[in-house]
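A look at the structure
Residues per chain are reported as follows:
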Amino acid sequence: MALPRAKTAEEVIERMRRSAPPTPDDVTILWDGRRLDSREAVMEWLAEVDAKRAEEAAAAGVDA
């Protein structure tokens, strides 16, 4: 049974408080198959995102 969409931040917080703990396979998997399963993996991905944003801003002539 799916829960109806939360309408307030308090509802989201309460649902998270009641949720089961994460399991070892609860990780973000990117479209290219990479798993963000460690701090290092997340930091590497964020550096890629920052570089891409800066590249796009430079191409558009905007300061990043």
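Keep in mind that what you see is a predicted model, and the values were worked out from it rather than measured. (Residues numbered from 1 in each chain as written. Predicted model: local features only at pLDDT ≥ 70, side-chain atom pairs only at ≥ 80, totals over all residues. Heavy atoms only, no water.)

**As for the overall build of the chain**
Per the secondary structure count, the chain includes two helices and two strands. Each helix (α) and strand (β) of the chain, taken in turn from the N terminus, gives the series α-β-β-α. Radius of gyration (C-alpha) of the chain: 18 Å, far over the 11 Å computed for a compact globule of 64 residues. Taken over the C-alpha atoms alone, the chain extends approximately 45 × 30 × 20 Å along its principal axes. Within the span of the chain, comprising 64 residues, buried residues form 6% of the whole. (Helix = DSSP H or I, 4+ residues; strand = E, 2+ residues; numbered from the N terminus. Rg over C-alpha atoms; globule rule 2.2 N^0.38 Å. Buried < 20%, exposed > 50% of the residue type's maximum accessible area, 1.4 Å probe, protein only.)

**Points about the environment of A9**
Inspection of the secondary structure puts A9 in helix α1 (residues 9-18). Linking A9 and S38, residues 29 residues apart in sequence, is a C-alpha distance of 27 Å.

**A word on the pattern of salt bridges**
Any two side chains of opposite charge can pair, so long as their charged atoms come close to each other. Scanning all chains against the criterion turns up six salt bridges. Here E14 ties to R17 by a salt bridge, and the two come within 2.6 Å at their closest N and O atoms. In this pair, E14 and R17 are both assigned in helix α1, three residues apart and thus about one turn of the helix distant. Classification of E14 by relative accessible area gives partly exposed; the value is 25%. Measuring nitrogen to oxygen at the nearest pair gives 2.8 Å for the salt bridge that ties R34 to D32. Salt bridges sharing partners connect three or more residues here, namely E14, R17 and R18. (Salt bridge = Lys/Arg side-chain N within 4 Å of Asp/Glu carboxyl O.)

**Quick word on the confidence of the model for the chain**
Overall, the predicted model of the chain reaches an average pLDDT of 90, with 95% of residues at or above 70. Least confident of the elements in the chain is α1, whose mean pLDDT is 92; most confident is helix α2 (residues 39-60), at 96. (pLDDT = per-residue confidence, 0-100.)

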